[in-house]
Amino acid sequence: MGTPPHRTGAWHLGRRRAAAGAADLPLDQQRPVDIWDRWYWIWELYFAVAYLATIALILINDAEDAAKLVSSAALTGIVVAYLLLGRRSVRDHETDGKGYLFGVIVLVLFLTAVIACSATGYALFAICPMAFMTQPVGMASALTGLLVLTPVVSVVVHNGFGDPALGTLLPMSALMILFGVFIGRWITKVIEQSKERADLIEKLEASQAEVARLSREAGTAAERERLAREIHDTLAQGFTSIVTLTQAIESEMDTDQVAARRHLSLAARTARENLAEARAMVAALTPSALAAGTLEDAIRRQADRLGEESALRVNCVISPLPPLGTAAEVVVLRAAQEALTNIVKHARASTVELRLAASGGVVRLMVIDDGAGFDTAEPSDGFGLRGMRARAEQVGGSLTIRSGLSDGTTVTLEVPA
């Protein structure tokens, strides 16, 4: 007889904890209902069919009408007890005093039904699985053994121990008990192992998320420390020099104009050097756009903003991306910003297409316009394209520019995923 997976006490506790935890999550992050809950209605349909089939066998049996009535009433009582007690234990994943009471009621009523009419014994194919659903595995095994022995008790009650049918019925009942208990315990172990694996996978996923979070925080902390050193060693010293030179100029304006001009030239050169250092450090910072969301969101906002601020038609196509490091995300975002800025300044384009996708172990950003284009062989004095290429190389990526006069421009950035 088939035996469904049994719900042990530990299993019920885990289910309740999982349900409580899932209730606190957003709807899009909650795990779907497990396969048991989803397909449990099939078991209830099976119980209903088994009940109706057994009632039909009772009615066509050659027993007396009173015996048929008693047997049918007892079997119906099991159905009522299941609806009031057993079903709650199964659907709520709980095994408590009501579940044990249900087991006692089932045993008494089924024994009554079998003694009244032996045809009721066919209901064992539904009642034994029901026992494993509502009782702990040890109790379910014992209850299954007692239920299977009820036909033997019926024969003894009606015909005594001398009935020759016992010679066949006893070995058959013993085999049925062994089979039912073995299958029930085996399936229980399989389900418990599956739950352990599911819990292990969930813990691993949580650990991976935690490692990713800690790695990002560690990277942020290291970046802050690096910037603090950079500011101390470059900008702070440069500003100190500018303040000193300014004070010198102030005192020399009326007495030594040559020295004042020389100090003024030094102050201007120091300011330019500080500006270059500031730009270099800003280029390495994590953009606020990435701090506020994902890379995909940041790229999409850039495209939307370009469409709002200009007459360009902007088409943005973004596919799901694998996890990227902070440095790689910065490179991709900065490249998109620079490419879009160059289009506005130089391309005289009417349409821009921006594509972001992962393929072959790399994340590829493509910015395509239908503008005037330029000759890529000619040297450029601008910082934008050289800065994009330098950033790409820092993370092991590459930048490719395809353009021609009146052919538009395609900027392709690839960084390793």
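The paragraphs below set out a description of the structure included in this document. (Residues numbered from 1 in each chain as written. Predicted model: local features only at pLDDT ≥ 70, side-chain atom pairs only at ≥ 80, totals over all residues. Heavy atoms only, no water.)

Along its length, the chain carries twelve helices and five strands. Expressed as a percentage of its 417 residues, the buried residues of the chain come to 36%. Sequence separation of 24 or more characterises 69% of the internal contacts of the chain that already satisfy a separation of 6 or more. Put simply, the chain shows about 24100 Å² of open surface, and 61% of that area lies on carbon and sulfur atoms. (Helix = DSSP H or I, 4+ residues; strand = E, 2+ residues; numbered from the N terminus. Buried < 20%, exposed > 50% of the residue type's maximum accessible area, 1.4 Å probe, protein only. Contact = heavy atoms within 4.5 Å. Areas by Shrake-Rupley, 256 points an atom, 1.4 Å probe, with all protein chains shown as cover.)

With respect to burial, strand β5 (residues 408-416) is a largely interior element, seven of its nine residues being buried. The sheet contact formed by strand β3 (residues 362-369) and β5 spans eight bridges and is antiparallel. Each bridged residue has a counterpart across the sheet, and for Asp369 the counterpart in β5 is Thr409. In this structure, strand β4 (residues 398-404) lies alongside β5, joined through seven bridges in antiparallel fashion. Within β5, the position partnered with Leu399 by the bridge is Leu413. Taking the residues that link successive antiparallel strands as the turn, the β4-β5 hairpin has three residues, and the phi of Ser406 there is positive, at about 65°. (Pairing = 2+ DSSP bridges.)

Judged by nonpolar contacts, the single largest core of 32 residues is most densely connected at Ile299, Val332, Ile343, Leu356, Leu365, Val367 and Leu413. Mapped onto this core, the elements with two or more residues apiece are α10 (295-309), α11 (326-347), β2 (351-359), β3, α12 (384-394), β4 and β5. Per-element tally for this core: the top contributor is α11, with ten residues. Setting aside anything within four residues of it in sequence, one finds Leu365 in contact with Val332, Ala335, Ala336, Leu354, Arg355, Leu356, Val411, Thr412 and Leu413. (Core = buried A, V, L, I, M, F, W, Y, C linked by side-chain atoms within 4.5 Å.)

Following both chains from N to C, one finds helix α5 (residues 124-134) and helix α6 (residues 137-159) inclined at 160°, their axes separated by 8 Å at the closest point. Taken as axis vectors, α5 and α6 run roughly antiparallel relative to one another. Crossing geometry of α5 relative to α6 is assigned as right-handed. Side by side, α5 and α6 meet where Leu124, Ile127, Cys128, Ala131 and Phe132 of the first sit next to Val137, Ala140, Ser141, Leu143, Thr144, Leu147, Val148 and Pro151 of the second. (Axes fitted to C-alpha atoms, helices over the stretch in contact; angles between N-to-C directions. Parallel < 35°, antiparallel > 145°, perpendicular 65-115°, else oblique. Left-handed = near helix turned anticlockwise from the far one by under 90°.)

So, on to the side chain of Gln302. Examined against the element boundaries, Gln302 turns out to sit in helix α10. Overall, Gln302 belongs to the buried group, its relative accessible area being 16%. Residues within four places of Gln302 in sequence aside, it is in contact with Leu333, Gln337 and Leu340.

The next subject is the pattern of salt bridges. Opposite charge on two side chains makes pairing possible when the charged atoms of those side chains draw close. Applying the stated criterion to the full structure yields six salt bridges. We note a salt bridge from Glu44 to Arg87, for which the minimum N-O separation is 2.4 Å. Linking Glu44 in helix α2 (residues 35-60) with Arg87 in helix α3 (residues 65-91), this pair joins segments that are 43 residues apart in sequence. Its relative accessible area of 29% is what places Arg87 among the partly exposed residues. (Salt bridge = Lys/Arg side-chain N within 4 Å of Asp/Glu carboxyl O.)

Take the sheet that holds strand β1 (residues 313-318) next. Judged by pairing direction, the sheet is mixed, and its five strands sit side by side in the order β1-β2-β3-β5-β4 without closing on themselves. Both outer strands of the open sheet, β1 and β4, are each paired with one neighbouring strand and no more. The mean angle between the axes of side-by-side strands here comes to 10°, regardless of whether they run parallel or antiparallel. Relative to β3, α11 is tilted by about 10°, and along the sheet it contacts β2, β3 and β5.

Attention now goes to the packing of aromatic side chains. Overall, the coordinates contain five aromatic pairs when judged by the stated rule. Ring centres 6.1 Å apart and planes at 40° place the aromatic pair Trp43 and Phe47 in the tilted group. Taken together, the positions of Trp43 and Phe47, both in helix α2 and four residues apart, correspond to about one turn of that helix. Classification of Trp43 as partly exposed rests on a relative accessible area of 22%. Ring pairs connect the aromatic residues Trp43, Tyr46, Phe47, Tyr82 and Phe102, which therefore count as one cluster. (Phe/Tyr/Trp six-rings, centres within 6.5 Å; stacked < 30°, edge-to-face > 60°.)

Tracing the backbone shows Ser154 in helix α6. Judged by relative accessible area, Ser154 falls into the buried class, the value being 5%. Other than its neighbours up to four places away in sequence, Ser154 contacts Val114 and Ile115.

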